[in-house]
Amino acid sequence: MVRRCLILLFAVIFTVGCSPVTNSMQEGLGLRQRLLDSSGCEFDAVITANYTDCSYTFTLHCKANKAGDVSFSVEDPESISGITGTVSTTGGDLRFDDVILGFDTLADGLLSPVSTPWVFMKALRSGYLHSSQKSGDTTELIFDDTYRSETVRVCLQLGRDVLPEFCEVYWNGKRYLSMDVRNFVFL
């Protein structure tokens, strides 16, 4: 009798901690699967980089391929409009006036703002989905990932259509990059 009670007690203890996947978690995993099954995606990104002494905002039109590489063209501000580039796991390059300049995705120990769309795609494609929460029509997902052995956290908001609308990027625990995601479509 005692043995049966112990077996029942252990069964209850081990199953109480196991909860079913939440609806918001399913939305996040479903979005990931749609992305991985597609040829890529396209979106507009309004990126804000907040540093202690200044803030910059610019708009990119981005296209991610099946491998997760992100090509972009600068739309705004007008002074740098037309500059294009690509960011991948190996780094990035900028193109203007038929000149290609290679750049590192890290500058002064921080992620470069132009790498934000790539970090967002990397986390969505392969980051650990740490948590999810649904609030009204918005789903919030938190992805944990690494880049160059450093911790990256991407907090992503999905809209009513279960497509990305906004994300914040934390590099080593500090948030200084955010991105409004607009016109997101799968290819």
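This is a predicted model, so every value here is computed, not measured.

A. Focus on the overall build of the chain. Of the regular secondary structure elements, the chain holds three helices and 13 strands. Of all 187 residues assigned to the chain, the portion counted as buried reaches 39%. Within the chain, residue pairs in contact and separated by at least 24 positions form 42% of the contacts whose partners lie at least 6 positions apart. Working note: accessible area of the chain is about 10500 Å², and carbon and sulfur atoms make up 54% of it.

B. Region of interest: the state of the cysteines. For the structure on display, the rule yields zero disulfides. Its sulfur unpaired, cysteine 41 is 8.7 Å from the next cysteine sulfur, which belongs to cysteine 62. Taking relative accessible area as the criterion, cysteine 41 reaches 0% and is therefore assigned buried. Not engaged in a disulfide, the cysteine cysteine 167 finds its nearest cysteine sulfur in cysteine 155; these two sulfurs lie 8.9 Å apart.

C. How the structure looks around the pairing of strand S10 (residues 138-147). Of the two faces of S10, the one lined by Thr139, Leu141, Phe143, Asp145 and Tyr147 is fully buried and the one lined by Thr138, Glu140, Ile142, Asp144 and Thr146 carries no buried residue. Inspection of the sheet shows strand S9 (residues 128-135) paired to S10 by seven bridges, in the antiparallel sense. Pairing of lysine 134 across the sheet is with threonine 139, part of S10. Bridge analysis of S10 against strand S11 (residues 150-158) gives nine bridges, and the strand direction is antiparallel. Paired with phenylalanine 143 across the bridge in S11 is valine 154.

D. Up close: the side chain of serine 24. If you trace the backbone, serine 24 turns up in helix H2 (residues 23-37). Note on serine 24: relative accessible area 6%, which makes it buried. Apart from residues no more than four positions distant in its own chain, serine 24 is found in contact with Ser132, Gln133, Lys134, Thr139 and Leu141.

E. Quick peek at unusual backbone geometry. Going from aspartate 76 to proline 77, the amide bond is cis rather than trans, its omega being 10°. The topology assignment puts proline 77 in the loop between strand S3 (70-76) and strand S4 (84-88). In the Ramachandran plot, valine 162 falls in the positive-phi region, its phi being about 60° despite a non-glycine side chain. You can see valine 162 is positioned in the loop between S11 and strand S12 (164-171). The phi dihedral of asparagine 172 falls on the positive side, at around 55°, and the residue is not glycine. Inspection of the secondary structure puts asparagine 172 in the loop between S12 and strand S13 (174-186).

About the thresholds
Per chain, the residues get numbers from 1 upward, laid out in the order the sequence is written. Local features are withheld for residues below a pLDDT of 70 in this predicted model, meaning they are given only at 70 or higher, and side-chain atom pairs are given and counted only at 80 or more; totals for whole chains, interfaces and linings count all residues. For side-chain calculations, the full set of non-hydrogen atoms in the structure is used, while hydrogens and water are omitted. Secondary structure follows DSSP: runs of H or I at least 4 residues long count as helices, runs of E at least 2 residues long count as strands, and numbering of each begins at the N terminus. Here the term buried applies to any residue with accessible area under 20% of the maximum for its type, exposed to any over 50%, and partly exposed to those in between, with areas from a 1.4 Å probe on protein chains only. Whether two residues touch is decided by their heavy atoms; if any such pair falls within 4.5 Å, the residues are in contact. Note that accessible areas follow from Shrake-Rupley with a 1.4 Å probe, and for residues the cover is restricted to the protein chains shown. The disulfide criterion is simple: two cysteine sulfur atoms within 2.5 Å. One requirement defines pairing of two strands: DSSP has to find at least two bridges between them.

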